[in-house]
Amino acid sequence: MYIPFRKSVLASAVALAIGGISGAASADTVSQDVTEARQETQIWTTYALSPYLRANDLKVSVDNGKATLTGKVDESVNKDLAEQIALGVNGIKEVDNQIVVQPDYVAPAASSTRSYGEAIDDATITATVKSKLLWSKSTDGLAADVDTNRGRVTLKGTADSKDAKALAGRLALNSRGVASVDNQLVVTPKKPTVADSAKSAAKEAEQGISDSWITTKVKSTLMYSSNVDGSDIDVSTTAGVVTLKGKVDSGAERALAIELADNVRGVKSVRSEGLTVLN
C-alpha cells in the first residue's frame, strides 16, 4: 500500500519557520494538510491491520474531507470494506471508491520482511499463548519463551514433564491465528520441595476464592481458541466451580470447551449440563 507524501506540509512548515509566510490563511493550510495526512495514515493503517485488505496494493489520498481509494482487490466485498473503513474515519465525509474488482487478481508475493499487519498479528498471538500458559493450572513447572513469525509459533525453554510440554503445544496450536507450533521445550523433571508445594497450595487457595478472576480467564481462554466459539458460551463461577451454558456446533467443540475451562488455574470443577450441541 502507498500513501502520497505531502510535500506541501513540509514546505509550508519550513516557510513558516523562517518567517517567509505569515497570516491565518497559511496556518489554516498547514493545519488542513496535517489533518488530511493523519486521515490518510489512519485509513492505511487500518487496511494494513485487516487480513482481508493488507495484501492488496491500495492507495489512499484525502482532500478536504473526501477520500479517494485506488488499487485492485479480488472480491467486491473487500472493495466495500475498504470504503466503509474510510467512511469511519473522523472528518471523512465522502469516498470516491475507484478500487477495481479483478477476480483473478493475485496479490504481490510476500517479502521476506513481515508487514506491519503481520507483525501486529504475531505480537497478538505471542501474548495470547503466553497468557494461556500463565493461566493454566498444569504449567507451574514451565519456563517457556514464545516466539511467533507469520503465525508459526516456536516454544523454547523447559517443562517438568512430558504432559506439561504436550499441553503447552496444544494450548498454543488451539489459539486463534496460529498456523503451526514448533514445540522445542526440553523436559527437565524437577522434584518439588516442601517450599514449592506450600507456595503452589497458597497460590491455589488465593485464586480459588477469586471467582471473578476465574470467570474472566475462562472466558478469555475460550475466546482465544480457534476451535471454540466463545461468544456463544456463558461462563459463571461459584466457589471455584465453573458453569458453562450455551450452544456449540459439535461434541468435539463441547469437549474442548470443558477441557479448556477445567485447565484454568483455580478451577475446582466444571458443570457443563447447560452446554448443549446444536441439532
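Model, not experiment: these values are computed from the prediction. (Residues numbered from 1 in each chain as written. Predicted model: local features only at pLDDT ≥ 70, side-chain atom pairs only at ≥ 80, totals over all residues. Heavy atoms only, no water.)

> So what's going on with the packing of aromatic side chains? Which residues, and what values?
Here the structure, examined in full by the defined rule, presents one aromatic pair. Arranged with centres 6.2 Å apart and planes meeting at 15°, the rings of Trp135 and Tyr224 form a pair that is stacked. Taken together, the positions of Trp135 in helix α4 (residues 116-135) and Tyr224 in helix α7 (residues 211-224) put the pair 89 residues apart, joining distant regions of the chain. Judged by relative accessible area, Tyr224 falls into the partly exposed class, the value being 31%. (Phe/Tyr/Trp six-rings, centres within 6.5 Å; stacked < 30°, edge-to-face > 60°. Helix = DSSP H or I, 4+ residues; strand = E, 2+ residues; numbered from the N terminus. Buried < 20%, exposed > 50% of the residue type's maximum accessible area, 1.4 Å probe, protein only.)

> Can you tell me about the nonpolar core, naming the residues and giving the values?
Ranked by internal contacts, the top residues of the largest apolar core, which has 31 residues, are Leu155, Val218, Leu222, Ile233 and Leu244. For this core, the secondary structure elements donating two or more residues are α4, β7 (152-159), α5 (162-173), α7, β10 (233-238), β11 (241-248) and α8 (251-262). The biggest single contributor to this core is α5, with five residues. Beyond its immediate chain neighbours, meaning those up to four positions away, Leu155 contacts Val129, Asp145, Val146, Ala168, Gly169, Ala172, Val181, Asp182, Asn183, Gln184 and Leu185. If you look at the next biggest cluster of nonpolar residues, it comprises 16 residues, including Tyr47, Leu53, Val73 and Ile99. (Core = buried A, V, L, I, M, F, W, Y, C linked by side-chain atoms within 4.5 Å. Contact = heavy atoms within 4.5 Å.)

> Please provide a residue-by-residue account of the sheet that holds β10, values included.
Taken in spatial order, the three strands of this open sheet run β10-β11-β12, and their pairing is mixed. Looking along the sheet, the strands with just one partner apiece sit at the ends: β10 and β12 (269-277). Sheet twist, expressed as the mean angle between neighbouring strand axes with direction ignored, is 10°. Sheet analysis places β10 next to β11, joined by six bridges and oriented antiparallel. Bridge pairing in β11 links Asp234 to Lys245. (Pairing = 2+ DSSP bridges. Axes fitted to C-alpha atoms, helices over the stretch in contact; angles between N-to-C directions.)

> Before we move on, can you summarise unusual backbone geometry with the specific residues and values?
Even without being glycine, Asn64 reaches a positive phi, approximately 55°. Position of Asn64 among the secondary structure elements: in the loop between β1 (59-63) and β2 (66-70). Phi is positive for Arg150, which is not a glycine, with a value near 50°. Relative accessible area serves as the criterion here: at 26%, Arg150 is assigned to the partly exposed category.

> Outline α8, listing residues and values.
Between the first and last C-alpha of α8 there are 17 Å, a value that for twelve residues agrees with the 16 Å anticipated at 1.5 Å per step. The complete set of buried residues in α8 reads Glu253, Leu256, Ala257, Leu260 and Ala261. When α8 is viewed along its axis, its buried side chains cluster within an angular range of 130° and face the same direction. (Expected span 1.5 Å × (residues − 1). Arc of directions from axis to C-beta.)

> Kindly report on the packing of α4 against α7, identifying the contributing residues and their values.
Their axes nearest at 11 Å, the elements α4 and α7 cross at an angle of 140°. Relative to α7, the element α4 lies oblique. Here α4 and α7 pass one another in a crossing that is left-handed. Seen from α4, the contacting residues are Thr128, Lys132 and Trp135; seen from α7, they are Trp213, Lys217, Ser220, Thr221 and Tyr224. Looking at the contact of α4 with α7, its residues break down into three nonpolar, three polar and two charged. (Parallel < 35°, antiparallel > 145°, perpendicular 65-115°, else oblique. Left-handed = near helix turned anticlockwise from the far one by under 90°. Nonpolar A, V, L, I, M, F, W, Y, C, P; charged D, E, K, R; others polar.)

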